[in-house]
Amino acid sequence: MDHGDHYYSVYSHMQDVAVNMGDEVEQAQMLAQVGTPPVDKTPGIYFEIRHFSEPYDPQQWMKGL
């Protein structure tokens with residue numbers, strides 16, 4: 001997801017994705033359901049923040065953490 005100013009969030013292991021490329025999303029809008037990764041089979045979503053191509057700790061973006 002493009003957040004502007006070359007910031008992106010990346011998600012993986014989702015199912016029943018509710019948005020499409022190019023859609024604008026609202027704060028708190030559901031993007032997808034939790035999926036199951038192919039290796040460990042534990043339900044969850046992979047999430048990361050990138051600025052240009054550099055990864056950043058997503059905790060600094062999470063409100064209240």
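A.B. asks: Which residues make up the overall build of the protein, and what values do they have?
C.D. replies: A count of helical and extended segments in the protein gives 0 helices and 6 strands. When the helices and strands of the protein are listed from N to C terminus, the series reads β-β-β-β-β-β. With respect to the principal axes defined by its C-alpha atoms, the protein has extents near 35 × 25 × 25 Å. The burial tally for the protein puts 14% of its 65 residues in the buried class. Within the protein, contacts between residues separated by at least 24 positions form 40% of all contacts whose residues are at least 6 apart in sequence. Surface exposure of the protein reaches about 5400 Å², of which carbon and sulfur atoms provide 52%.

A.B. asks: Outline a nonpolar patch on the surface, listing residues and values.
C.D. replies: Together, Tyr8, Val10 and Tyr46 make up a nonpolar patch on the protein surface, roughly 240 Å² of accessible area in all. Positionally, valine 10 belongs in strand 2 (residues 7-12).

A.B. asks: Got a sec to walk through the pattern of salt bridges? Specific residues and values, please.
C.D. replies: Within the structure shown, the criterion is met by 1 salt bridge. Taking the shortest distance from any N to any O, the salt bridge between glutamate 48 and arginine 50 comes out at 2.3 Å. The class of glutamate 48 is buried, set by a relative accessible area of 12%.

What counts as what
- Residue numbers restart at each chain and count upward from 1, following the sequence in its written direction.
- Residues qualify for local features only when their pLDDT is at least 70, as the model is predicted, and side-chain atom pairs are given and counted only at 80 or more; totals for whole chains, interfaces and linings, by contrast, use all residues.
- Excluded from the side-chain calculation are hydrogens and water; included are all heavy atoms of the structure.
- Secondary structure follows DSSP: runs of H or I at least 4 residues long count as helices, runs of E at least 2 residues long count as strands, and numbering of each begins at the N terminus.
- Three labels apply to residues, based on accessible area from a 1.4 Å probe with only protein chains included: buried if under 20% of the type maximum, exposed if over 50%, partly exposed otherwise in between.
- Contacts are assigned to residue pairs that have any heavy atoms within 4.5 Å of one another.
- Calculation of accessible area relied on Shrake-Rupley with a 1.4 Å probe; when residues are assessed, cover is drawn exclusively from the protein chains displayed.
- Patch definition: residues above 30% relative accessible area lacking any salt bridge, with like charges linked at up to 9 Å and the nonpolar side chains Val, Leu, Ile, Met, Phe, Trp and Tyr linked at up to 5 Å.
- Throughout this description, the term salt bridge denotes a Lys or Arg side-chain nitrogen within 4 Å of a carboxyl oxygen of Asp or Glu.

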